[in-house]
There are 2 protein chains.
Amino acid sequence: MTGCLAIVGLGPGAAELRTPQAAAALAVATDLVGYGPYLARVPLRPDQECHASENREELARARQALSLAAAGRFVALVSSGDAGVFAMASAVFEAIEAGEPAWRQLEVSVVPGVSAMLAAAARVGAPLGHDFCAISLSDNLKPWDVLVQRLTAAAAAGFVIALYNPLSRARPWQLGVAFDLLRPLLPGSAPVVFATAVSRPEERIDITTLAAADAARADMRTLVLIGSAATRRIARPGGPPWLYTPRRHGA
Amino acid sequence: MTGCLAIVGLGPGAAELRTPQAAAALAVATDLVGYGPYLARVPLRPDQECHASENREELARARQALSLAAAGRFVALVSSGDAGVFAMASAVFEAIEAGEPAWRQLEVSVVPGVSAMLAAAARVGAPLGHDFCAISLSDNLKPWDVLVQRLTAAAAAGFVIALYNPLSRARPWQLGVAFDLLRPLLPGSAPVVFATAVSRPEERIDITTLAAADAARADMRTLVLIGSAATRRIARPGGPPWLYTPRRHGA
């Protein structure tokens, strides 16, 4: 029996931001595995088996997907956004490395997608138009002092910062402390974007400044963008401003 | 006359990695504007006007697209990868800020896409599975000492590094010097990926180490990924290794 595993990035939400390659990988699957709310975005056929799991069970979910593939099933393991950015692809390879030797011979593919930071940036202009970094603010998987060091280094080096996993019920304080940490390092006028559920019906985009940024505007579905000292704001009559980071340093 | 401008990310190359939203924006356009080789990827209809331009004329191209939209045309300005990542979106907003006041009232949208780093990462596993940064190695638009500072900060902070614009005929030495700069800061065994023309017929993926990385493997179409000290390599029988960066710090 030769199964296979595709780790599929669904994009940020809307089907129109899902690549044809992702749609094809979902269509050929016999089994779909993933976090329940992400699986709910996928149109399922009656002949497809659906294996929904809870949040924060990434490694168990990865092992389940690998076991199904090893048993001959055609498995699509779904992630929101891009599968490789703070999502399921890394968990799968961690499971492969620590798991059964036969798993290394499975046909495993990663189907990329439009990640949350790209979708969020597109909504407000081009804030990622110059050097930037992406940081997961979850300290479930790394010590807080590493996060402090990375945020500090990113701000000092002039990177625009995309924050994934800014906040959850179990981690309510990190985002506010991150803003406090960055305030002495960046201009108070640096733009901050709270982009929640981009491209989904409940989408909400808040544009503010670092001086005024209030962590309470974020929830689990929010991607936070923090501009650098170079990021600019263009006022528009009758609409929210455009934000962009110039291509030229010192522009 | 009310025209509009969509700044469209085509994805890395293959049509199967282009979002339906991007395809729709191309289909409704009366005018397509872009760098010639990117426009060549778009299926054009006889009723569509095509405005191809040379490389390194981003600002003139942005102004042309805005002028056409201001004249009532439906314009799609194409970028490879994601339109907001070292691509045309930033140039458009720069042109808007410095340009005619009427341009601020144009309907401008950014259509995100699968950026080169996401497509490259997917081909080799999940190297962007933890905190990472994206840096353009072109010093046409910023001083080399800023690049040195950012590369150093990124390596010291433990970011995986995606390098855009690593090399061109006019900039032959920067990538080699960047490797030399990073060698004392990262393990020699840190994985380096040269991902050239991902998803296009001429795709070539080279996986090596920082100790062995040779800048001559890159060209203008190459995205370079440099793993952190945490990035792991999983040997596979009969195939190239998988690379991934664990979700957990210190894993």
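The written sequence of each chain sets the order in which its residues are numbered from 1. Each chain gets a letter, beginning with A, and each ligand a number, beginning with 1, in the order they are written. It should be noted that, the model being predicted, local features are given only for residues of pLDDT at least 70 and side-chain atom pairs only at 80 or more, the latter also being counted only at that level, while totals for whole chains, interfaces and linings use all residues. To get the side-chain values, take all heavy atoms of the structure and skip hydrogens and water.

### Some words on the overall build of chain A
As a reminder, the rule being used: Numbering of helices and strands starts at the N terminus; helices are DSSP runs of H or I of at least 4 residues and strands are runs of E of at least 2. What the globule rule says is 2.2 Å times the number of residues to the power 0.38, and the radius of gyration is computed from C-alpha atoms. Partly exposed residues are those whose accessible area sits between 20% and 50% of the maximum for their type, while under 20% is buried and over 50% is exposed, using a 1.4 Å probe and protein chains only. Between two residues, a contact is recorded if the distance between any of their heavy atoms is within 4.5 Å. Exposure was quantified through the Shrake-Rupley algorithm and a 1.4 Å probe, taking into account, for residues, occlusion by the shown protein chains and nothing else.
In terms of helices and strands, chain A carries seven helices and 13 strands. Its C-alpha atoms give chain A a radius of gyration of 19 Å, near enough to 18 Å, the size a compact globule of 251 residues would have. In terms of principal-axis extent, the alpha carbons of chain A reach across some 60 × 40 × 35 Å. Of all 251 residues assigned to chain A, the portion counted as buried reaches 59%. Taking as baseline every contact in chain A between residues at least 6 positions apart, the subset at least 24 positions apart corresponds to 67%. Element-wise, carbon and sulfur atoms account for 54% of the exposed surface of chain A, whose accessible area totals about 9,300 Å².

### Remarks on the interface of chain B and chain A
In plain terms, the rule: Here the quantity called buried area is the accessible surface, traced with a 1.4 Å probe, that two parts lose on coming together, added over both. We define a salt bridge as a side-chain nitrogen of Lys or Arg found within 4 Å of a carboxyl oxygen belonging to Asp or Glu. Under the rule applied, a polar contact is a pair of N or O atoms within 3.5 Å (in protein, one hydrogen donor and one hydrogen acceptor; residues adjacent in sequence only if both atoms are side-chain atoms). Amino acids are sorted into nonpolar (Ala, Val, Leu, Ile, Met, Phe, Trp, Tyr, Cys and Pro), charged (Asp, Glu, Lys and Arg) and polar (every other residue, Gly among them). Two strands make a pair as long as DSSP finds a minimum of two bridges between them.
Between chain B and chain A, the residue contacts involve 69 residues of the former and 69 residues of the latter. Looking at the side of chain B facing chain A, the largest losses of area belong to Leu141, Arg150 and Arg247 of chain B, adding up to 13% of the total buried there. On inspection of chain B and its partner chain A, the count reaches ten salt bridges. With its nearest N and O atoms 2.4 Å apart, the salt bridge here joins Lys142 of chain B to Asp131 of chain A. Viewed at the interface, chain A and chain B are joined by 30 residue pairs in polar contact (both at pLDDT 80 or more). Broken down by class, the residue content of the side of chain B that touches chain A amounts to 38 nonpolar, 16 polar and 15 charged. Note: strand β7 (residues 132–136) of chain A against strand β7 (residues 132–136) of chain B, three bridges, orientation antiparallel.

### Let's talk about the packing of aromatic side chains
This is how the line gets drawn: The aromatic pairing rule takes the rings of Phe, Tyr and Trp, using the six-membered ring of Trp, and pairs them if the centres are within 6.5 Å, calling planes under 30 degrees apart stacked, those over 60 edge-to-face and the rest tilted.
Under the counting rule described, the total for this entry stands at 13 aromatic pairs over all chains. With centroids separated by 5.0 Å and ring planes inclined at 85 degrees, the aromatic side chains of Tyr35 of chain A and Tyr38 of chain A adopt a geometry described as edge-to-face. Since its relative accessible area comes to 17%, Tyr35 of chain A is described here as buried. When the centroid spacing of 4.9 Å and the interplanar angle of 65 degrees are considered together, the rings of Trp144 of chain B and Trp173 of chain B count as edge-to-face. In this pair, Trp144 of chain B is assigned in helix α6 (residues 144–157) and Trp173 of chain B in the loop between β8 (160–164) and α7 (174–182), connecting sequence segments 29 residues apart. Judged by its relative accessible area of 41%, Trp173 of chain B is partly exposed.

### So, the relation of the copies chain B and chain A
Operational definition: When the copies are superposed, the least-squares fit takes in the C-alpha atoms of residues with a pLDDT of at least 70 in both.
Mapping chain B onto chain A is achieved by rotating through 180 degrees and translating by 0.0 Å along the same axis, at an RMSD of 0.0 Å. With respect to symmetry, the two chain copies, as superposed, fit the operation of a two-fold axis. The position closest to the rotation axis in chain B is occupied by the C-alpha of Cys133 of chain B, lying 1.9 Å away. Mapped onto chain A, 100% of the interface residues of chain B are again interface residues, and the two copies thus contact each other with one and the same surface.

### Some thoughts on the pairing of strand β8 (residues 160–164) of chain A
Residues and elements named next belong to chain A. This is how it is decided: Here a crossover is taken to be right-handed if, once the strands point away from the viewer, the path from the first strand over the helix to the second is traced clockwise.
With five of its five residues buried, β8 lies for the most part within the structure. Of the two faces of β8, the one holding Val160, Ala162 and Tyr164 and the one holding Ile161 and Leu163 are both buried throughout. With five bridges joining them, β7 and β8 adopt parallel strand pairing. Within β8, the position partnered with Cys133 by the bridge is Ile161. Note on the crossover from β7 through helix α6 (residues 144–157) to β8: the handedness is right-handed. For β8 and strand β11 (residues 222–226), the ladder comprises three bridges, and the chain directions are antiparallel. Note that in β11 the partner of Leu163 across the bridge is Val224.

### Observations concerning the pairing of strand β4 (residues 74–79) of chain B
All names here are of chain B. The buried fraction of β4 amounts to five of the six residues, a majority that puts the element mostly inside the structure. Pairing of strand β2 (residues 31–35) with β4 involves three bridges; the strand directions are parallel. Across the sheet, residue Leu32 finds its bridge partner in β4, namely Ala76.

### Remarks on the sheet that holds strand β3 (residues 49–53) of chain B
Residue and element names in this part refer to chain B. Keep this limit in mind: Axis definition: a line fit to C-alpha positions, over the contact stretch in the case of helices; interaxial angles, taken between N-to-C directions, run 0 to 180 degrees.
Strand order in the open sheet formed by five strands is β3-β2-β4-β1-β5, with parallel pairing between adjacent strands. In this open sheet, the two strands that pair with only one neighbour each are β3 and β5 (107–111). Strand after strand, the sheet turns through a mean of 15 degrees between neighbouring axes, direction not considered. Strands in contact with helix α1 (residues 20–28) are β1 (4–9), β2, β4 and β5; relative to β1, the strand with the most contacts, it is inclined by about 140 degrees.

### Things to note about the nonpolar core
This is how it is decided: Take the buried Ala, Val, Leu, Ile, Met, Phe, Trp, Tyr and Cys residues and link them wherever side-chain atoms come within 4.5 Å; each set so joined is a nonpolar core.
Core analysis: the largest hydrophobic core is formed by 56 residues, its most contacted members being Leu175 and Phe179 of chain A together with Leu175 and Phe179 of chain B. Excluding its chain neighbours within four sequence positions, the residues that come into contact with Leu175 of chain B are Leu137, Leu163, Pro166, Leu167, Phe194, Ala215, Ala218 and Val224 of chain B. Among the nonpolar cores identified, the runner-up in size contains 42 residues, and Leu128 and Leu243 of chain A together with Ala119 and Leu128 of chain B belong to it.

### A few points about the environment of Ala87 of chain B
All names here are of chain B. Mapped onto the fold, Ala87 is located in the loop between β4 and α4 (88–98). With a relative accessible area of 13%, Ala87 lands in the buried category. Residues Ala87 and Val75, twelve residues apart in the sequence, show an inter-C-alpha distance of 17 Å. Once residues lying within four places of it in the same chain are set aside, the contact partners of Ala87 are Ser79 and Asp82.

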